[in-house]
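Tertiary structure, described
Okay, here's what each chain looks like letter by letter:
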Amino acid sequence: MTHIDAGAELDPVHPMALPGVLSAGLSRAEVAERVARGQVNDVPVRSSRSIGEIVRANVFTRFNAIIGVLWLVMLFVAPIQDSLFGFVILANTGIGIVQEWRAKQTLDSLAVIGEARPTVRRDGAAVEVATHEIVLDDLVETGPGDKIVVDGVCVEADGLEVDESLLTGEADPVVKRPGDPVMSGSFVVAGGGAFRATKVGREAYAAQLADEASRFTLVHSELRSGISTILKYVTWMMVPAAIGLVITQLVVKSDNLKDAVARTVGGIVPMVPEGLVLLTSVAFAIGVIRLGRKQCLVQELPAIEGLARIDTVCLDKTGTLTEGGMDVTELRPLNGADEPYVRRVLGALGESDPHPNASLQAIIDACPDTEEWRCVESLPFSSARKYSGAAFSEGDGETSTWLLGAPDVLLPQDDPALSETERLNAQGLRVLLLARATRELDDPEPARGARPTALVVLEQRLRPDAGDTLRYFADQEVHAKVISGDNAVSVGAVAAKLGLSGTAVDARRLPADREDMAKALDGGTVFGRVTPQQKREMVGALQAGGHTVAMTGDGVNDVLALKDADIGVSMGSGSEATRAVAQIVLLDNSFATLPSVVAEGRRVIGNITRVATLFLVKTVYSVLLALLVVCWRVEYPFLPRHLTLLSTLTIGVPAFFLALAPNTERAHPHFVRRVMRYAVPGGVVAGVATFATYLLARDHYTGPDSLEAETSAATLTLFLVSMWILAIIARPYTWWRIALVAAMGAAFLLVLVVPALQDFFALRLVGVAMPWTAVAVSAVAAAALEFLWRWAGRRFPA
């Protein structure tokens, strides 16, 4: 991997960065000139694989190559019905390409909807543009939560603080002043300002990172890596079995080369679990499409799998349990303060912040600004500080400095105003304190000695669907942890209104040790006064305690925790930074979408685990049959047409329906072990039962047409045993699962009774004794399967 220096120097301030010239930004003519020179941020947004990559990934696979060669051989040496397996592969590949292409269209369209639109200043006016429309020297405005999309130099700063942790690993925000470099990939946590774009397109730091890795990848999926491991072992088993089969059949059938080749191919083809990779891709693709219809953008495909494994979901209160807006319900002056004067102070504070958060916006709506006051200095709100401030020149020539924020942060613990605050918090109300500062805003501790002036009581709007969503998580044994920067009592009251019971804990009292913190987190449900860095530590502690953690949030204070969580879920209206690091973005901002997202993840991973057993049972019994044929030096019992028929009826068609069925079981780790503990005994029983019937039939039948009768008896046994395996996999039964199994049995019966199909598939049961013997052997095998699978479940718990 190429190393890129996050601290690399940026261009010095351009001559255009002069007062007056800079404030207006570029003109239309200057923008057009830069576009003509190609100085545009033209990095393509790569939301999925290209059509060419999709086709190559589905066509040029190891097993498609094996099957393709064998298919070509069969087209020359055998009837067309022995080449049916090749057409099945073509259909499977086509389905895989179409489904992934549909998923690509869904992803691309949703990525456009969720794409950030930075604000740039051109001809003196602020306009929103697409990220790819930014040109060199553009003046880009920023505010809290905005992601820095190109490299640049800061030219305006109003308490601007930038988090570069995603680039440097340094968690503390960096204060930016005019002339300081800003790096693409970082984001604003407090204040605002503007910077001049000095590197755009592929020269920008974030673009260089993007070149090293594509977002939409399956590389880190346990499911995909597990299947790759299985396929590796399958290849090792196939090679010696296939070589032995080729030699044996050429010796045994030396008088009929074409028949020897056909039966050899018939033994090799079913060893390949060709449909397993296809069904995995299709299940992921259909999952993306289904979630896309619910306005859910999956930014990394493994997220679908990860969702199936989560057992803990950390919820940020604001924007998740509550809606973004608030209402000022009461203003309580303290220490004899005059209410009209307090309203003027609050109005001036609202006007002083160009990027108000939800709380300040509610104050702005309730307390209009007076033009007589002028802001001379400001301190933007920060999640770490939990307060903001401003100094004013009042209309009468007086100056004053004010702070607005969390009462329990601004006031000492023994202040009488805190008891009233706690009573209001217990009602689920949010309370801010307006305090007159006695120190300057640039003082290291501006809140020390501040005099409380008024309490601002805010009512939060609960999401109407939040209660049902929390109940869903409880029913699914997913533990919900509410993690908020607000007062713990207030957050606990809000959670209680939504039916989430549990202890409310002030995060400032949490132990610093990770192991002790994990124990405290297991014991609590609601955590308040959590700093952004603490959110990250809490996610890490839960993971260290063995939990698979999903984190939801929409604010810039959630970014670090979202990045570290196993699955990060951001709201579409959330900050640009949260959308950038989250694996899943809920574009409709609906917390109620989460159950659908979790259910889709469980459906995909649970069903793939289920159908993988079907495919690998076939691989095991195919390899075992080949080895038994080599050891007994007899003709291979099947032609390709027989196994194509069996695979279609007992694996291919049922697996497709089972892979897309509802499934609410939480996924478990150790995919390979979970699948192989059933596939190995199932395949061994099927292979032994089939070969036993074949040997009995060889003793029973004589004459020139005996091989077809022997094959038919062996096929009947293998079908019945495979059907019993399918019946076990299909549990628990529903009407459609029973109908599916019955339909597959009826289709095979149709082949046995219709003369034209008998001839096409070379299947004809001769006599009465041998077919009933095949049924009896199958019944014994079914009983053995039930015993062995129950034993395997107890002996090798996953």
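Computed from a predicted structure; not experimentally measured.

So, how was this worked out
- Residues numbered from 1 in each chain as written.
- Predicted model: local features only at pLDDT ≥ 70, side-chain atom pairs only at ≥ 80, totals over all residues.
- Heavy atoms only, no water.
- Helix = DSSP H or I, 4+ residues; strand = E, 2+ residues; numbered from the N terminus.
- Buried < 20%, exposed > 50% of the residue type's maximum accessible area, 1.4 Å probe, protein only.
- Contact = heavy atoms within 4.5 Å.
- Phe/Tyr/Trp six-rings, centres within 6.5 Å; stacked < 30°, edge-to-face > 60°.
- Lys NZ or Arg CZ within 6 Å of the ring centre and 35° of its normal.
- Core = buried A, V, L, I, M, F, W, Y, C linked by side-chain atoms within 4.5 Å.
- Polar contact = N/O pair within 3.5 Å; in protein donor to acceptor, adjacent residues only side chain to side chain.
- Pairing = 2+ DSSP bridges.
- Axes fitted to C-alpha atoms, helices over the stretch in contact; angles between N-to-C directions.
- Expected span 1.5 Å × (residues − 1).
- Salt bridge = Lys/Arg side-chain N within 4 Å of Asp/Glu carboxyl O.
- Parallel < 35°, antiparallel > 145°, perpendicular 65-115°, else oblique.
- Patch = residues over 30% accessible without salt bridge, like charges linked within 9 Å, V, L, I, M, F, W, Y side chains within 5 Å.
- Areas by Shrake-Rupley, 256 points an atom, 1.4 Å probe, with all protein chains shown as cover.
- Lys, Arg positive; Asp, Glu negative; His and termini not counted.
- Charge placed at Lys NZ, Arg CZ, Asp CG, Glu CD.

Turning our eyes to something else, we now look at the overall build of the protein. Along the protein, the regular secondary structure elements total 28 helices and 21 strands. Counting only C-alpha atoms and orienting by the principal axes, one finds that the protein spans roughly 120 × 60 × 40 Å. Here the protein, with 798 residues, has 56% of them falling under the buried criterion. For the protein, the proportion of contacts with a sequence separation of at least 24, taken over those separated by at least 6, is 73%.

Next up on the list: the packing of aromatic side chains. Evaluated as defined, the whole model comprises 13 aromatic pairs. When the centroid spacing of 5.7 Å and the interplanar angle of 55° are considered together, the rings of Y341 and W373 count as tilted. With a gap of 32 residues between them, Y341 in helix α12 (residues 339-352) and W373 in the loop between α13 (358-366) and β11 (374-379) connect regions that are remote in the sequence. Note on Y678 and W789: the rings are 5.2 Å apart at their centroids and 40° apart in plane angle, and the pair reads as tilted. Placement of Y678 in helix α24 (residues 671-700) and of W789 in helix α28 (residues 769-795) is noted, with a sequence separation of 111 residues between them. Between the NZ or CZ atom of K232 and the centre of the ring of Y233, over which it lies, the distance is 5.8 Å.

Okay, the nonpolar core next. Across soluble globular proteins, nonpolar side chains show a tendency to be buried alongside one another. Counting residues in hydrophobic clusters, the biggest one holds 125 residues, and the most contacted among them are I584 and F748. Among the elements that line this core, the one with the most residues is helix α22 (residues 594-632), at 18 residues. In this view, F748 contacts L645, L646, L649, T715, L716, F719 and L763; residues no more than four positions away in its chain are not counted. One finds F187, A541, M551 and L562 within the second-largest nonpolar core, a separate group that totals 23 residues.

Time to look at the side chain of D415. Summarising the element assignment, D415 is placed in the loop between α14 (407-410) and α15 (417-425). Within polar-contact distance, the side chain of D415 engages the backbone nitrogen of A417 at 2.9 Å.

Take the sheet that holds strand β20 (residues 567-571) next. Strands sit in the order β8-β21-β20-β19-β9-β16-β18-β17 across an open sheet of eight strands; the sheet is mixed. The sheet is open, and its two borders are formed by β8 (296-298) and β17 (504-506), each paired with just one other strand. Averaged over all adjacent pairs, the angle separating strand axes in this sheet is 20°, with direction ignored. Sheet topology note: the β8/strand β21 (residues 584-586) ladder contains three bridges and is antiparallel. The residue of β21 that forms the bridge with V298 is I584.

The buried count for strand β7 (residues 187-199) comes to twelve of 13 residues, which makes it a mostly enclosed element. Pairing between strand β3 (residues 139-142) and β7: four bridges, direction antiparallel. Along β7, the bridge assignment pairs L139 with R196. Where strand β4 (residues 151-163) meets β7, ten bridges bridge the pair, whose relative direction is antiparallel. Looking across to β7, one finds that D151 is bridged to K199.

Before going further, it helps to spend a moment on α28. Here α28 spans 38 Å end to end across 27 residues, near enough to the 39 Å set by a 1.5 Å rise per residue. Here α28 has its buried residues at M770, P771, A774, V777, S778, A781, A782, L785, E786, W789 and A792. On its buried face, α28 is in contact with α22, α24 and α25 (706-729).

Moving on to the pattern of salt bridges. Evaluation of the coordinates by the stated rule reveals 30 salt bridges. Between E420 and R332 there is a salt bridge, with its nearest N and O atoms 1.9 Å apart. Here E420 is found in helix α15, whereas its partner R332 is found in strand β10 (residues 322-333), with 88 residues between them in sequence. As a salt-bridge pair, D443 and R439 come within 3.4 Å of each other at their nearest N and O atoms. Residue classification places R439 among the partly exposed positions, given a relative accessible area of 31%. A network of salt bridges, in which partner residues are shared, links D408, D506, R508, R509 and R529.

Below, the discussion takes up unusual backbone geometry. In this chain, R731 is followed by P732 through a cis amide linkage whose omega measures -5°. Here the phi dihedral of Q295 falls at roughly 60°; this positive angle occurs in a residue that is not glycine. Among the structural elements, Q295 can be located in the loop between α10 (274-293) and β8. Judged by relative accessible area, Q295 falls into the partly exposed class, the value being 30%.

Next up on the list: the packing of helix α18 (residues 514-523) against helix α19 (residues 532-544). The geometry of α18 relative to α19 is characterised by a closest axis approach of 8 Å and an angle of 90° between their N-to-C directions. Compared by their axis directions, α18 and α19 come out roughly perpendicular. Across the interface between the two elements, R514, M517, A518, L521 and D522 of α18 pack against E537, M538, G540, A541, L542 and A544 of α19.

Turning our attention to the environment of G467. Along the chain, G467 turns up in helix α16 (residues 466-475). In the structure, G467 is positioned 141 residues away from M326 in sequence and 19 Å away in space, judged by C-alpha atoms.

For the rest of this paragraph, the subject is the side chain of N64. Residue placement: N64 occurs in helix α4 (residues 62-77). For N64, a relative accessible area of 18% gives the class buried. Among the polar contacts listed, one links the side chain of N64 to the backbone oxygen of N58, at a separation of 3.1 Å. Within polar-contact distance, the side chain of N64 engages the backbone oxygen of V59 at 3.1 Å. The contact partners of N64, leaving out residues within four places of it in the chain, are N58, V59, I89 and T93.

Below, the discussion takes up a negative patch on the surface. On the surface, E351, D369, E371, E372, D396 and E398 cluster together into a patch of negative charge. Within the secondary structure layout, D369 lies in the loop between α13 and β11.

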